[in-house]
Amino acid sequence: MATINDNYLKLKAGYLFPEIARRVNAFAQANPDANIIRLGIGDVTEPLPEACRTAMIKAVEEMGDRTTFRGYGPEQGYAWLREKIAAHDFQARGCDISADEIFVSDGSKCDCGNILDIFGDTNTIAVTDPVYPVYVDTNVMAGHTGEANERGEYAGLVYLPISADNHFTAQIPSEKVDLIYLCFPNNPTGATATKEHLQAWVDYARANGSIIFFDAAYEAFITDPSLPHSIFEIEGARDCAIEFRSFSKNAGFTGTRCAFTVVPKTLTAKAADGSDVELWALWNRRQSTKFNGVSYIVQRGAEAVYSEAGQAQIKALVAFYLENARIIREQLTAAGIAVYGGVNAPYVWVKTPDGLSSWDFFDKLLHTCNVVGTPGSGFGAAGEGYFRISAFNSRENVEEAMRRITETFNAHSALN
Ligand code: MLT
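S.K.: Could you give an account of the site of the ligand, with specific residues and numbers?
M.R.: If you check the shell around the ligand, you find Phe 17, Ile 41, Gly 42, Lys 109, Tyr 132, Asn 187, Tyr 218, Lys 249, Tyr 347 and Arg 388 and nothing else. At 2.9 Å, a side-chain N or O of Asn 187 approaches an oxygen atom of the ligand. Protein burial of the ligand: of its 270 Å² of free accessible surface, 84% is covered by the chains. When its residues are assigned to classes, the shell around the ligand shows five nonpolar, two polar and three charged.

The following block contains the structure:
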């Protein structure tokens, strides 16, 4: 008789975003005339940059000609893309990262989960709370946790609470942990980390033989020049960090799919016999075995991000979403609602008014304003009482959503 991976039975009912979609669909079916505005999942709405489209159209034509047709590409990504990434995203910022340390992939979410293939089963794993749920769920699936308690916290994980009290940046744990997930600019809180804060993490990781998984999917939203974009801007990070990057949010590739993971060749972890093993070699082996690379056409589109026109176009896209975030912050603040983030990040982290629970606020916004956000408790127990609003939408929709929310809450405050 075939058996299943029982770890899946430990997962909470649904992944957060499908659960939101289920509730929204039920509401939409019952209220077919409602004009629902979705500021929940961080999915982009604006068209792909022209430079990327032009490059992909050219690549399609090449695929239609026997002399320029391409079959399987390198599993790690084409050298011309990896070289541009290394030069532009790392070397230009003073990071010692070479092209062959970059692995092009079809998404950061996939890489964040897949990276666990090359790590052992006995590592102590730390996540912030709240946190991007993929880090937790992939560890549950891999059997790295026990069961969840009634707060949704899994036995075996070390939760590092982040809140307004610690500026939504995790404090270094007093105990020893082996794998640490950090995400800056942060999803879901929109918080950022200073160089000093990341230096403290790198120093901790090096002192304890830990590896930091640094998710920098939102680095393009950093406008404050003092903030680091990459963990590799921090001294010593080559010895203790893996970084995940994506073209999803800066260039609108959520549907096009292209990302990359940086694994320095200097990074090692222990084998069962106590020897040091190069993680780059393991990840290279893993990718070569389980992955056939991103399509040529899409990689040409990603390459165009680094052209002069591409750079100007992605800057404009990011600025557009940041302006949405500013509007959300200002309008909600004016309505007397406390907000965080949304300055160097596309997410605004909202304190739910009137002590409403995260899901109660979700239902209120959906039913009263026909606006969808993401309940903070979906990101972890410490997210209870918070709510995430994404700035990824059209200007018109963001303005209309804010008009509806502020009208509701201003009218409500006037009654109280
Ligand atoms: C989010 O809303 O948190 C993101 O869309 C998740 C993702 O990028 O996978």
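S.K.: Could you give an account of the pairing of strand E3 (residues 125–129), naming the residues involved and the relevant values?
M.R.: Most of E3 sits inside the fold, with five of its five residues counted as buried. Burial along E3 is two-sided: Ile 125, Val 127 and Asp 129 and Ala 126 and Thr 128, pointing in opposite directions, are all buried. As paired elements, E3 and strand E4 (residues 157–161) share five bridges and run parallel to each other. From the neighbouring strand, Val 127 faces E4, where its bridge partner is Tyr 159. Note: E3 against strand E5 (residues 179–183), two bridges, orientation parallel.

S.K.: Tell me about the domain arrangement of the protein chain, residues and numbers included.
M.R.: As far as domains go, the protein chain holds domain 1 (9–47 + 311–409) and domain 2 (51–308). Opposite the 35 residues of domain 1 that make contact, domain 2 presents 46 residues. Applying the counting criterion to the domain 1 and domain 2 interface returns zero salt bridges. For the pair domain 1 and domain 2, the interface holds 18 residue pairs in polar contact (both at pLDDT 80 or more). At the level of elements, helix H9 (308–334), strand E11 (339–341), strand E12 (347–351) and strand E15 (386–390) are the ones that each hand at least two residues to the side of domain 1 that touches domain 2. Among the elements that take part in the side of domain 1 that touches domain 2, H9 stands out by supplying eight residues, more than any other. For the side of domain 1 that touches domain 2, a count of residues per class yields 22 nonpolar, nine polar and four charged.

S.K.: Run through the environment of Ile 41, naming residues and quoting values.
M.R.: Structurally, the position occupied by Ile 41 is in the loop between strand E1 (37–38) and helix H2 (50–63). With 349 residues separating them in the primary sequence, Ile 41 and Ser 390 have C-alpha atoms 6.9 Å apart. For Ile 41, the residues in contact, after removing those within four places along its chain, are Phe 17, Thr 374, Arg 388 and Ser 390.

S.K.: Mind laying out the packing of helix H3 (residues 79–90) against helix H8 (residues 296–303), listing which residues take part and the relevant values?
M.R.: Where H3 meets H8, the axes come as close as 10 Å, and the angle between the chain directions of the two elements is 25°. Regarding the angle of H3 to H8, the classification is roughly parallel. Regarding H3 and H8, the two cross each other, and that crossing is left-handed. Residue-level contacts link Trp 80, Leu 81 and Lys 84 of H3 to Tyr 296, Gln 299, Arg 300, Ala 302 and Glu 303 of H8. Classifying every residue of the contact of H3 with H8 by side-chain character gives four nonpolar, one polar and three charged.

S.K.: Tell me about the pattern of salt bridges, residues and numbers included.
M.R.: Considering all chains together, one arrives at 24 salt bridges under this definition. Close ionic contact of Arg 245 with Asp 89 constitutes a salt bridge, the shortest N to O distance being 3.9 Å. With Arg 245 in strand E7 (residues 241–246) and Asp 89 in helix H3, the pair connects residues that are 156 residues apart, well separated along the chain. By relative accessible area, Arg 245 is classed as buried at 2%. On the basis of relative accessibility, which here comes to 11%, the residue Asp 89 falls in the buried class. The partner of Asp 96 in a salt bridge is Arg 238, with the nearest N and O atoms 3.9 Å apart. Of this pair, Asp 96 sits in the loop between H3 and strand E2 (102–105) while Arg 238 sits in the loop between strand E6 (211–215) and E7; the two residues are 142 residues apart in sequence, bridging distant segments of the chain. Asp 96 gets classed as exposed once you look at its relative accessible area, which sits at 54%.

Definitions and limits used
- Residues numbered from 1 in each chain as written.
- Predicted model: local features only at pLDDT ≥ 70, side-chain atom pairs only at ≥ 80, totals over all residues.
- Heavy atoms only, no water.
- Near = heavy atom within 4 Å.
- Polar contact = N/O pair within 3.5 Å; in protein donor to acceptor, adjacent residues only side chain to side chain.
- Areas by Shrake-Rupley, 256 points an atom, 1.4 Å probe, with all protein chains shown as cover.
- Nonpolar A, V, L, I, M, F, W, Y, C, P; charged D, E, K, R; others polar.
- Buried < 20%, exposed > 50% of the residue type's maximum accessible area, 1.4 Å probe, protein only.
- Helix = DSSP H or I, 4+ residues; strand = E, 2+ residues; numbered from the N terminus.
- Pairing = 2+ DSSP bridges.
- Domains from an automatic or database assignment.
- Contact = heavy atoms within 4.5 Å.
- Salt bridge = Lys/Arg side-chain N within 4 Å of Asp/Glu carboxyl O.
- Axes fitted to C-alpha atoms, helices over the stretch in contact; angles between N-to-C directions.
- Parallel < 35°, antiparallel > 145°, perpendicular 65-115°, else oblique.
- Left-handed = near helix turned anticlockwise from the far one by under 90°.

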